[in-house]
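# Chains, contacts and geometry: an overview
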Amino acid sequence: MTALIGAAAGTGPPTGAEPPPPGPRRRRWIPYLLLLPGGVWLLLFFVVPLVQLAGTSLYDRAGSLELGYSQTFAFGNFVDAITAYWPQLLRSAVYAGIATVICLVLGYPLAYAIAQKSGRWRNLLLVCVIAPFFTTFLVRTLAWKAILSDNGSVAGFFRSLPFVPDDFRLLATPVAVVCGLVYNFLPFMVLPLYASLERLDGRLLEASRDLYATPSATFRKVTLPLSMPGVVAGTLLTFIPAAGDFINAELLGTPNEYMIGNVIDSAFLVRLDYPQAAALSFLLMATILVMVFTYVRRAGTDEVV
Amino acid sequence: MSTDLVLENVTKRFGAMTAVDDLSVTVPQGSFFALLGASGCGKTTTLRMVAGLEDLTSGSIRLGDEDITGLRPYRRPVNTVFQSYALFPHLDIGDNIAFGLRRRGVRDVAKKIGEMLDLVQLAGFEKRKPVQLSGGQQQRIALARALVNEPQVLLLDEPLGALDLKLRRQMQIELKRIQTEVGITFLHVTHDQDEAMWMADTVAVMNNGRIEQLGPPTEIYEFPRSPFVSNFLGQSNLFAAEVAGHSGDDLELTAHGARFAAPAARAHSTDGRVWLGVRPEKVRLALPGEDAPANHNQVRGVLTDTCYAGVSTEYLLKTPWGQEMSVFSANAAAGEPLSPGTEVVAHWYPPHSFVLDRPAGTGDEVSQYAADPLGVAP
């Protein structure tokens, strides 16, 4: 046996028998190195604070910043928060949902036109979509306050219509808040839609027309399904920040239009009720996660998340 | 009722560029018709106009008695097999094939899908996605997706262009079989002369937006009408010649001081300036010591290049007046190919000649009609 092995070993070339390790294997650590900076960042500034926030949400609410909090695993904080603020939580979902649908209705044709029909104007139009970002969020929302104000021309136009009461107003109504949300988050809808529509192969549209599909059938059976990744991404990028937004409700609404973001804002900064603020933050997160998962399931593109 | 496809005075301009120039052609029902030409000759534009994907600048397109010129593509009883296949990536193979049927409200599609997959020999592929298929398989599915609609005309836009040579040959045979089986008119666009000749009943050679010659492959190859056709479909040796007289059924020609004969029946022009043409494979080589048959047309020359290609040997020889002439010699006999530098006599049987018009103003240069106008031949 030993002789056989020895003979076998002896017949092989002395060094060439072992193939050199392939390049990719030696560089296996590179992906981890690439992950490292982002991973460390997320660990320090996302995971750690999140755990801390989870802890805070279970503190005894009797404590205060001056006296200190004691960890009592007070799950009742969540019950209290829901009982007290379910209308704001529901309103956040409804406002953000309406704003997302309006963004989709406005954004899809816009993204389609830029991606498929704009020719040499494409880049200019894309800049126009992003241009509002050159001004701060706050100023843009304040501008809407002026646009929708009672003395403004928009409200004036509506009042001039027949059957519209003289005390008609836009500012400080749900309409104003939704308008603000739509305006502020529209680019987040348009850009992913544009990205997926821009990749749409025109030859597939020709094939569809050739195969007896009317323009509307081509849209339903080819264009829309192929742009679903863009629709899903745009919807999520619009809905998630809109649901947590508080600036629009603060500036364009009244406490009657306050969303959950406003409540969290005041719990943290005005009432200094940290446990409740933390509990509300988690509730918001849970609501969004549930809605997103339901939506992605329905949209049939689990790969996206 | 006949449903021939008739194009009448069809013109298409893109800005200042005329892609298709006053083209009139009839594609008989049930035929396998090839539009052959180099890229940019207008053949694909012609096909797209028949499909309705391109508007006509002027002219009309009829299918049987129906004028389909202004009809939307989705209202035309024609379907296309696209060069890129254009299968819908989000649908499985079954849904791809059923796409056209469903748009027309056909309900029970499963049976038809099965039949089509049998026809293209991909039975059982219903549930796969296009990306899981090889190029050749995608090509077959594209064919099935078009054929399942039983169009009156099937348009094929360079459908085999993306396949490798072996698969292409296989698909050519397959396409011909399927066409015979279904009996639908096939209008096939290609730049590949072999493909056109192998498959089509009728070939139309296009150049600069016009049809230069139309006919069965044998006729176009054996009796080309213009220098362009003679060198686009295969190769030809063309000699600038003048008609010197008639002798019985033959034309007597002079070219570069030598005398040649050609049957008058194989002449497109019977007086004045002409091109005398002969295909390289019709020409034999004789060594100076050997006797070439006395009644053959003869050209002396020196071999400049010998290219052994397995089934044949391709020779280039230089004539005394400096023109290059190519000769293909079948490797049927034993023996070594001749070496460059050998003095030879090239000769051919006069009925293998053809005579083309050489209008005044056309020089003696044939380089403008050089073979391989595409620059793609290996």
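Before any of the text, the structure's been laid out above.
Please read these numbers as outputs of a predicted model, since none were measured by experiment.

### Quick notes on the overall build of chain A
Of regular secondary structure, chain A possesses 14 helices and zero strands. Every one of the 305 residues in chain A was classed for burial, and the buried ones make up 29%. Pairs at least 24 residues apart make up 69% of the contacts formed inside chain A by residues separated by at least 6 positions.

### Focus: the overall build of chain B
Broken down by element type, chain B carries eight helices and 20 strands. Out of the 378 residues in chain B, the part that is buried amounts to 39%. Within chain B, counting contacts between residues at least 6 apart in sequence, those at least 24 apart form 65% of the total.

### Overview of the nonpolar core
Grouped together as the largest cluster of nonpolar side chains are 77 residues, with contacts concentrated most on Ala 34, Val 50, Ala 144, Leu 154, Leu 155, Leu 187 and Val 205 of chain B. The element contributing the most residues to this core is helix H4 (residues 135-147) of chain B, with six residues. Ignoring sequence-local partners within four residues, the contact set of Ala 34 of chain B consists of His 188, Thr 190, Ala 196, Met 199, Ala 200, Val 203 and Ala 204 of chain B. Ala 81, Ala 176, Ala 242 and Ala 278 of chain A belong to the second-largest nonpolar core, a separate cluster that totals 48 residues.

### Concerning the interface of chain B and chain A
With 15 residues of chain B at the contact, the number on the chain A side is 14 residues. Broken down by secondary-structure element, the contributors of at least two residues to the side of chain B that touches chain A are strand E6 (78-81) and helix H2 (93-103) of chain B. At three residues, H2 of chain B tops the list of elements feeding residues into the side of chain B that touches chain A. Classifying every residue of the side of chain B that touches chain A by side-chain character gives eight nonpolar, five polar and two charged.

### Re the environment of Glu 150 of chain B
Structurally, the position occupied by Glu 150 of chain B is in the loop between H4 and strand E7 (153-157). Along the chain, Glu 150 of chain B and Pro 77 of chain B lie 73 residues apart, while their C-alpha atoms are 8.3 Å from each other.

### Regarding the packing of helix H11 (residues 228-244) of chain A against helix H14 (residues 274-299) of chain A
Residue and element names in this part refer to chain A. In contact at an axis separation of 11 Å, H11 and H14 are set at 165 degrees when each is read in the N-to-C sense. In terms of their interaxial angle, H11 and H14 are classed as roughly antiparallel. The two elements H11 and H14 cross, and the hand of that crossing is right-handed. Of H14, the residues touching H11 (which contributes Met 228, Val 232, Leu 236, Ile 240, Ala 243 and Gly 244) are Leu 284, Ile 288, Val 292, Val 296 and Ala 299.

### Quick look at helix H1 (residues 43-51) of chain B
Counting buried positions along H1 of chain B yields nine of nine residues, so the element is predominantly enclosed. When we look at burial in H1 of chain B, the residues that qualify are Lys 43, Thr 44, Thr 45, Thr 46, Leu 47, Arg 48, Met 49, Val 50 and Ala 51 of chain B.

### Here's the deal with the sheet that holds strand E1 (residues 5-14) of chain B
All names here are of chain B. The strand order across the open sheet built from four strands is E2-E1-E4-E5, with neighbouring strands paired in antiparallel fashion. Since the sheet does not close on itself, it has two edges, and those belong to strand E2 (17-27) and strand E5 (66-67), each with one partner. Pairing of E1 with strand E4 (residues 58-63) involves five bridges; the strand directions are antiparallel. Opposite Leu 7, over in E4, you have Ile 61 as the bridge partner.

### Digging into the pairing of E2 of chain B
Side-chain positions along a regular strand alternate between the two faces of the sheet. Residues and elements named next belong to chain B. Where E1 meets E2, seven bridges bridge the pair, whose relative direction is antiparallel. Counted as the bridge partner of Leu 7 is Val 25 from E2. Where E1 hands over to E2, the hairpin turn is made up of two residues, of which Gly 15 adopts a positive phi near 60 degrees.

The rules we used
Residues numbered from 1 in each chain as written. Chains lettered and ligands numbered in written order. Predicted model: local features only at pLDDT ≥ 70, side-chain atom pairs only at ≥ 80, totals over all residues. Helix = DSSP H or I, 4+ residues; strand = E, 2+ residues; numbered from the N terminus. Buried ≥ 20, exposed ≤ 12 C-beta atoms within 10 Å, placed from the backbone. Contact = placed C-beta atoms within 7 Å. Core = buried A, V, L, I, M, F, W, Y, C linked by C-beta atoms within 7 Å. Nonpolar A, V, L, I, M, F, W, Y, C, P; charged D, E, K, R; others polar. Axes fitted to C-alpha atoms, helices over the stretch in contact; angles between N-to-C directions. Parallel < 35°, antiparallel > 145°, perpendicular 65-115°, else oblique. Left-handed = near helix turned anticlockwise from the far one by under 90°. Pairing = 2+ DSSP bridges.

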